[in-house]
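# Coordinate analysis (summary)
Each chain is listed here by its residues.
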Amino acid sequence: MSQQQRVNDVSIDAIPVDITNTQSGEVEPAEVPEEIRSITRGLAGDQPPTNPLVVLKAARWWYIHGKGGTDPAFQWATEWARHLATDTPSDVEQFDEFLEYLVAVGFADEKAVLR
């Protein structure tokens, strides 16, 4: 490993994990790395990502930096990954909760903008 990692900034890929800010439940849009922001917005859009590994990368970030297993972005990302893996219908109510959460976090002013 050629790069040194600080104790409070650890990663297993190119996206850092801020240990001091894990599962705080307080996510500021400016703190979301651009790659995760892009994947998350894609999950809310008309043509969501179709690679489950990409989706799970976003799920991991939201789990760590959001509300853990109860974070709506984490829950929707894992639901979408399940849909991709099993080709079964996804939970529409969970999708609506995800969109509402993105509005609450500050990704958009209203749900319609995300679609």
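Residues numbered from 1 in each chain as written. Predicted model: local features only at pLDDT ≥ 70, side-chain atom pairs only at ≥ 80, totals over all residues. Heavy atoms only, no water.

### Re the overall build of the chain
Looking only at helices and strands, the chain has five helices and two strands in total. Counting helices and strands in the order they occur from the N terminus, the chain gives β-β-α-α-α-α-α. The buried share of the chain, reckoned over its 115 residues, is 37%. In the chain, of all internal contacts separated by at least 6 residues, the share reaching a separation of at least 24 is 52%. Total accessible area on the chain stands at roughly 6,800 Å², and carbon and sulfur atoms take up 51% of it. (Helix = DSSP H or I, 4+ residues; strand = E, 2+ residues; numbered from the N terminus. Buried < 20%, exposed > 50% of the residue type's maximum accessible area, 1.4 Å probe, protein only. Contact = heavy atoms within 4.5 Å. Areas by Shrake-Rupley, 256 points an atom, 1.4 Å probe, with all protein chains shown as cover.)

### What to know about the packing of aromatic side chains
Aromatic ring pairs are defined here through the distance separating the ring centres and the angle between the ring planes. A complete count under the given rule lists eight aromatic pairs for this structure. Here Trp61 and Trp62 contribute two aromatic rings whose centre-to-centre distance is 5.1 Å and whose plane-to-plane angle is 85°, an arrangement assigned as edge-to-face. Residue Trp62 is classed as buried on the basis of its relative accessible area, which comes to 1%. Here Trp62 and Tyr101 contribute two aromatic rings whose centre-to-centre distance is 5.9 Å and whose plane-to-plane angle is 70°, an arrangement assigned as edge-to-face. Of this pair, Trp62 sits in helix H2 (residues 52-65) while Tyr101 sits in helix H4 (residues 92-105), placing them 39 residues apart in sequence. Relative accessible area serves as the criterion here: at 8%, Tyr101 is assigned to the buried category. The rings of Trp61, Trp62, Tyr101 and Phe107 are connected pair by pair, giving a single aromatic cluster. (Phe/Tyr/Trp six-rings, centres within 6.5 Å; stacked < 30°, edge-to-face > 60°.)

Spatial relationships are all this shows, so hold off on functional conclusions.
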